[in-house]
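Residues per chain, in single letters:
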Amino acid sequence: MALLSSERHVAWCLGLAGLLPFIAGGVLAWLAPVAWQASAINGFTYYSAVILSFLGGVHWGGVLKDSALQDSALQVARPGNVRRLLLSMLPSLMAWPALLLDVQTGLWVLLCGFILVGGYDLSRTGREGFPRWYFALRGLLSVVVVLLHGVVLLRLSP
């Protein structure tokens, strides 16, 4: 039981630490010297694409865990696993092209990606196989990330 508590604590610490580049990018987009603002916004955008891709990988890993349990005859495969595996690729397929667009459009695509993944995470299929505490963490992180995208997009608006 202590191991689970330790894993939860580490996951929360890492998740909150993962917000630091978003927060720094959002603050620097407004407060850094003008010459650095473009770099801050680009850094924010690239980090956003990486994290959005990571969220797809979380669901890919969930399917692999189910497959391992099925192989060991401890569990039957969940019927939504094929769909989940296909959906796990969507964040990467949104994030990469977002980097090829102009920054403002790319940030809108990334913002939509975070909202879509968050919605899927709240669905019954998206929650399967994950501990309840994970979605409290994901919910908090998603809200902060979406708000910070709004902060940077506001900075880019004319």
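Relevant structure appears above.
Keep in mind that what you see is a predicted model, and the values were worked out from it rather than measured. (Residues numbered from 1 in each chain as written. Predicted model: local features only at pLDDT ≥ 70, side-chain atom pairs only at ≥ 80, totals over all residues. Heavy atoms only, no water.)

Asker: Quick question: what am I supposed to make of the pattern of salt bridges here?
Answerer: Taken as a whole, this structure holds one salt bridge when the rule is applied. With a closest N to O distance of 2.5 Å, Asp121 and Arg138 form a salt bridge. Of the two residues, Asp121 is situated in helix α6 (residues 103-122) and Arg138 in helix α8 (residues 132-156); the sequence distance between them amounts to 17 residues. In this structure, Asp121 and Arg138 share a single accessibility class: buried. (Salt bridge = Lys/Arg side-chain N within 4 Å of Asp/Glu carboxyl O. Helix = DSSP H or I, 4+ residues; strand = E, 2+ residues; numbered from the N terminus. Buried < 20%, exposed > 50% of the residue type's maximum accessible area, 1.4 Å probe, protein only.)

Asker: Would you mind going over the environment of Thr105 with me for this structure?
Answerer: Considering the arrangement of structural elements, one finds Thr105 in helix α6. Placed 48 residues apart in sequence, Thr105 and Leu153 show a C-alpha to C-alpha distance of 9.3 Å. Among the polar contacts listed, one links the side chain of Thr105 to the side chain of Asp102, at a separation of 2.8 Å. (Polar contact = N/O pair within 3.5 Å; in protein donor to acceptor, adjacent residues only side chain to side chain.)

Asker: What am I meant to see in a nonpolar patch on the surface here?
Answerer: On the surface, a nonpolar cluster with roughly 610 Å² of combined accessible area is contributed by Leu20, Ile23, Val27, Trp30, Leu31 and Leu154. Residue contributions to the nonpolar patch peak at five residues, all from helix α2 (residues 20-31). Locating Leu20 in the fold gives a position in helix α2. (Patch = residues over 30% accessible without salt bridge, like charges linked within 9 Å, V, L, I, M, F, W, Y side chains within 5 Å. Areas by Shrake-Rupley, 256 points an atom, 1.4 Å probe, with all protein chains shown as cover.)

Asker: I tried to follow the packing of helix α5 (residues 90-100) against α6 on my own but got confused; where do I start?
Answerer: Between two packed helices, both the angle of their axes relative to each other and the distance between the axes serve to describe the pair. Contact geometry for α5 and α6: axes closest at 8 Å, N-to-C directions at 170°. For the element pair α5 / α6, the angle class is roughly antiparallel. Considering how the two elements wind past one another, α5 and α6 form a crossing that is left-handed. For the pair α5 and α6, the contacting residues are Pro91, Met94, Ala95 and Ala98 in the first and Gly106, Val109, Leu110, Cys112, Gly113, Leu116 and Val117 in the second. (Axes fitted to C-alpha atoms, helices over the stretch in contact; angles between N-to-C directions. Parallel < 35°, antiparallel > 145°, perpendicular 65-115°, else oblique. Left-handed = near helix turned anticlockwise from the far one by under 90°. Contact = heavy atoms within 4.5 Å.)

Asker: Is there a simple way to explain α5 in this structure?
Answerer: Every α-helix carries 3.6 residues per turn, so stepping three or four residues along brings you back to the same face. Where α5 is concerned, the buried positions are Pro91, Met94, Ala95 and Ala98. What you see down the axis of α5 is that its buried residues fit within an arc of 95°, all on one side. Pointing more than 90 degrees away from the buried face of α5 are the exposed residues Leu93, Trp96 and Leu100. (Arc of directions from axis to C-beta.)

Asker: It is not clear to me how α8 should be interpreted in this structure. Could you clarify?
Answerer: End to end, α8 covers 37 Å across 25 residues, agreeing with the expected 36 Å (1.5 Å per residue, within 8%). All of the buried residues in α8 are Tyr134, Phe135, Leu137, Arg138, Leu141, Ser142, Val145, Leu148, His149, Val152 and Leu153. (Expected span 1.5 Å × (residues − 1).)

Asker: Would you mind showing me how to read the packing of α2 against α8 here?
Answerer: For the pair α2 and α8, interaxial distance at closest approach is 9 Å and the crossing angle is 20°. Taken together, α2 and α8 sit at an angle that is classed as roughly parallel. Pair α2 / α8 crosses with left-handed handedness. Residue-level inspection shows Phe22, Ile23, Gly25, Gly26, Ala29 and Trp30 of α2 in contact with α8, the latter providing Val145, Leu148, His149, Val151, Val152, Leu154 and Arg155. Counted by class, the contact of α2 with α8 contains nine nonpolar, three polar and one charged residues. (Nonpolar A, V, L, I, M, F, W, Y, C, P; charged D, E, K, R; others polar.)

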